[in-house]
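Take a look at the letters that make up each chain.
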Amino acid sequence: MSLIEVYDIVKIYRTGDVELRALDGVSFSVEQGEFVSIMGHSGSGKSTMMNVLGCLDVPDGGTYFLDGKEVGSLPKDILAGIRNRKIGFVFQGFNLLPKATALENVELPLIYAGVQGKVRKERGRAALDRVGLADRMGHRPNQMSGGQQQRVAIARALVGETPLILADEPTGNLDSKTSEEIMDLFVTLNGEGKTIILVTHEADIAAYSKRTLRFKDGKLLDDERRSPRA
């Protein structure tokens, strides 16, 4: 079953008389449970594609179906609710609240969803335990390593039990050993049934996925499927 279907997606940015087609007729689908990487050089359209998939931006043309519902033309307030219910985000810069504990950071999506305090804490603890941080729940970001902070961010993406995780350069601020640990975690989560779409410019990171979409000049240049890295 397709979790994502995009057809002829177009995104145009205008500066004065200059028009940039950041996405130029992109079409593909992603099945439930896939692990897909999106690659491309700066300006290729990969980040714009991620913003559209994450309902952070709307296309100027084409259609986008997420979990069977057309979402590409919906207003911003409706998209905010869809993001909360359907998508967990992991960013390169972690995006953690500096004065909040690991548990409090993980609970944030549940606060926005109106989940009661006791249930929030139970689910937050379970998510942190799932990423191997059961002993760091009371720590603040400045008391944790970069890898631990990214694990908190992944736990935050998991806590809402959304069907999709979007990860934008999640290893960009990490050393190679920590990057491997984070990617192994993504592989484990995918093995448990999570659909993961990862933006990266690094071939060795993309190799952890089972499929790579390569973008160039706003177009989908190549769609490679393969056995994942062992």
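Up top is the structure.
The model shown is predicted, which means the values in this text are computed figures rather than measured ones.

Draft legend 1. Structural context of the packing of aromatic side chains. Scanning the entire structure with this criterion turns up two aromatic pairs. With 6.3 Å between their ring centres and 80 degrees between their planes, Y7 and F65 make a pair best called edge-to-face. Highlighted residues: Y7 in strand β1 (residues 2-15) and F65 in strand β4 (residues 61-66), separated in sequence by 58 residues.

Draft legend 2. Examining the layout of surface pockets more closely. Taken as a whole, the largest pocket encloses approximately 380 Å³ of empty space. Lining of the largest pocket is provided by 16 residues; of these, N84, F89, P109, Y112 and R156 occupy positions nearest its centre. Looking at the lining of the largest pocket, the elements that each hand over two or more residues are α2 (76-86), β6 (87-91), α3 (102-112) and α5 (146-159). Broken down by element, the lining of the largest pocket gets its largest block of residues, four residues, from β6. A class-by-class count of the residues in the lining of the largest pocket yields nine nonpolar, five polar and two charged.

Draft legend 3. Just the sheet that holds β1, in detail. Spatially, four strands are ordered β2-β1-β4-β5 in an open sheet, and the strand pairing comes out antiparallel. Only two strands of the sheet have a single neighbouring strand rather than two, namely β2 (18-31) and β5 (69-70). Strands β1, β2 and β4 of the sheet are contacted by helix α1 (residues 46-53), whose axis makes an angle of about 60 degrees with β2.

Draft legend 4. Local environment of the environment of G68. As for its placement among the helices and strands, G68 is situated in the loop between β4 and β5. A C-alpha to C-alpha distance of 16 Å links G68 and G81, two positions 13 residues apart in sequence.

Draft legend 5. Inspection of the nonpolar core at higher detail. Judged by nonpolar contacts, the single largest core of 34 residues is most densely connected at V90, L128, V152, I154 and F186. Elements represented by at least two residues in this core include exactly α3, α4 (117-130), α5, β7 (164-168), α6 (176-191) and β8 (195-199). The element best represented in this core is α5, accounting for seven residues. Ignoring anything within four residues of it in the chain, the contact list for V152 reads L96, A102, N105, V106, L128, L133 and M144.

How each quantity is defined
- Residues numbered from 1 in each chain as written.
- Predicted model: local features only at pLDDT ≥ 70, side-chain atom pairs only at ≥ 80, totals over all residues.
- Heavy atoms only, no water.
- Phe/Tyr/Trp six-rings, centres within 6.5 Å; stacked < 30°, edge-to-face > 60°.
- Helix = DSSP H or I, 4+ residues; strand = E, 2+ residues; numbered from the N terminus.
- 1 Å grid on protein atoms, 1.4 Å probe; cavity = no way out; pocket = protein on both sides within 12 Å on 5 of 7 lines; lining within 4 Å.
- Points joined across faces, edges and corners; volume = space filled by probe spheres on them.
- Nonpolar A, V, L, I, M, F, W, Y, C, P; charged D, E, K, R; others polar.
- Pairing = 2+ DSSP bridges.
- Contact = heavy atoms within 4.5 Å.
- Axes fitted to C-alpha atoms, helices over the stretch in contact; angles between N-to-C directions.
- Core = buried A, V, L, I, M, F, W, Y, C linked by side-chain atoms within 4.5 Å.
- Buried < 20%, exposed > 50% of the residue type's maximum accessible area, 1.4 Å probe, protein only.

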